[in-house]
Amino acid sequence: MEKENITGLLLKAIDLFSSLYSLLPRIEGGSYDLGPDEAIEEEWEEVGPGLDSIIGDDENLVKLIEYLKAERNAGHSIDPQIQELREWLWRAVTLVPGVNKATITGLTNHSDKYCNWLDWINRYYPPEQSKQEPFKERDTDADERFASQELQEVKQELVKVGLIKDGKWSAGTANFECLVKEFKGVFGIETKKGDLDRKSCAAFVGFDGSLDSARSSTNHEQQSPKAKSIKAICREIHTKYVK
């Protein structure tokens, strides 16, 4: 993707984030009349809908991923605009001392997507690295598949039922393995060798446990109520898209 095609999108998001958080120094310094949560709510009424229109649009996420991939393939350092966007997204996800995280969650229908944008930037440009080697193609097309609306809906449902919290998998190792099997069986997410692609799935849902432990979990361990919920979500959404 040519840089010009995404520059306007990045600049608009950065400008909106800047407006939203322009009042934070006053909050932290104790010079703002409202409490932290009330101040964020007041500001959100002005700029929140604009941010939601950008972050909540799956096509914009695809544009971002394509651009990140092109930059990594070329061996470029992280674009300063991407770095600034990452910093704003981080503030939106973590907020600041004294501001209840539930405030943003309550003001937007896309709180999970703010985490998702941050996850994709960190996947291509880990925060601890300022420059990457040329991106080596993975042994799967999972990155592109996970950016699809179908898989994004699956992730949103996993967030809604509490299996993903604050961008991290919260349902345990055995249930993660159940998810991996569903991703292969239902959506065809696998390596070129046909193996279960645990690594890509872990990055997608924020699983930070042992992949070896997931591999060794038994079928019996994968029959919990949460596992049944995982299967129902995957199959229901897939059925909607194949009609």
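Remember, predicted model here, so these are calculated numbers, not experimental data.

About the thresholds
- Residues numbered from 1 in each chain as written.
- Predicted model: local features only at pLDDT ≥ 70, side-chain atom pairs only at ≥ 80, totals over all residues.
- Heavy atoms only, no water.
- Helix = DSSP H or I, 4+ residues; strand = E, 2+ residues; numbered from the N terminus.
- Buried < 20%, exposed > 50% of the residue type's maximum accessible area, 1.4 Å probe, protein only.
- Polar contact = N/O pair within 3.5 Å; in protein donor to acceptor, adjacent residues only side chain to side chain.
- Core = buried A, V, L, I, M, F, W, Y, C linked by side-chain atoms within 4.5 Å.
- Contact = heavy atoms within 4.5 Å.
- Phe/Tyr/Trp six-rings, centres within 6.5 Å; stacked < 30°, edge-to-face > 60°.
- Lys NZ or Arg CZ within 6 Å of the ring centre and 35° of its normal.
- Disulfide = S-S within 2.5 Å.
- pLDDT = per-residue confidence, 0-100.
- Salt bridge = Lys/Arg side-chain N within 4 Å of Asp/Glu carboxyl O.

Which residues make up the side chain of Asn60, and what values go with them?
Within the fold, Asn60 resides in helix α4 (residues 58–73). Among the residues examined, Asn60 registers a relative accessible area of 9% and is labelled buried. A polar side-chain atom of Asn60 sits 3.1 Å from the main-chain carbonyl oxygen of Ile54.

How would you sum up the nonpolar core? Please name residues and give values.
Leu158, Trp169 and Phe183 are the most contacted members of the largest nonpolar core, which has 58 residues in total. Those residues in contact with Phe183 that sit more than four places away from it in its chain are Phe146, Leu151, Val154, Gly188, Ile189, Cys201, Phe204 and Cys234.

Pulling in residues and values, what's your account of the packing of aromatic side chains?
Considering all chains together, one arrives at 5 aromatic pairs under this definition. Their ring planes at 70° and their centres at 6.3 Å tell us that Trp169 and Phe176 sit as a pair that is edge-to-face. Here the two residues Trp169 and Phe176 agree in accessibility, since each one is buried. Look at Phe183 and Phe187: their rings are 5.9 Å apart centre to centre, the planes differ by 70°, and that puts the pair in the edge-to-face class. Here the residue Phe183 and the residue Phe187 both occupy positions in helix α10 (residues 173–187), the gap between them amounting to 4 residues, near one helical turn. Here the two residues Phe183 and Phe187 agree in accessibility, since each one is buried. Ring pairing ties together the aromatic residues Trp169, Phe176 and Phe207, which thus form one cluster. When the ring centre of Trp120 is taken as origin, the NZ or CZ atom of Arg123, which lies over that ring, is 4.1 Å away. Above the ring of Phe204, the side-chain terminus of Lys155 is found at 5.0 Å from the ring centroid.

Talk me through the state of the cysteines; I want residue IDs and the actual numbers.
For the coordinates displayed, the defined rule picks out 0 disulfides. Sulfur of Cys201: no disulfide; nearest cysteine sulfur belongs to Cys234 and is 9.5 Å away. Its relative accessible area of 0% is what places Cys201 among the buried residues. Just so you know, Cys234 is unpaired, no disulfide at all, and the nearest cysteine sulfur is the one on Cys178, 7.8 Å from it.

A description of the confidence of the model for the chain should follow, citing residues and the corresponding values.
Summing up the model confidence of the chain, the mean pLDDT is 76 and the portion of residues at 70 or higher is 73%. Low pLDDT, under 50, characterises residues 96–100; the stretch is placed with 10 contacts to residues that sit more than four places away or in other chains. This model gives residues 129–140 a pLDDT under 50, and the stretch forms 32 contacts once residues within four places in sequence are excluded.

Explain the pattern of salt bridges to me, using residue names and the numbers behind them.
For the structure on display, the rule yields 8 salt bridges. A salt bridge links Glu153 to Lys240; the nearest nitrogen and oxygen atoms lie 2.6 Å apart. In this pair, Glu153 is assigned in helix α9 (residues 149–160) and Lys240 in helix α13 (residues 225–242), connecting sequence segments 87 residues apart. Its salt-bridge partner being Arg235, residue Glu182 comes within 2.8 Å of it at the nearest N-O pair. With a gap of 53 residues between them, Glu182 in helix α10 and Arg235 in helix α13 connect regions that are remote in the sequence. With a relative accessible area of 7%, Glu182 lands in the buried category. By relative accessible area, which is 46% here, Arg235 ends up partly exposed.

Before we move on, could you go through the environment of Ile65 and cite the residues and values that matter?
Secondary-structure assignment places Ile65 in helix α4. Residue classification places Ile65 among the buried residues on the basis of a relative accessible area of 7%. For Ile65 and Tyr124, which are 59 residues apart along the polypeptide, the C-alpha to C-alpha distance reads 8.7 Å.

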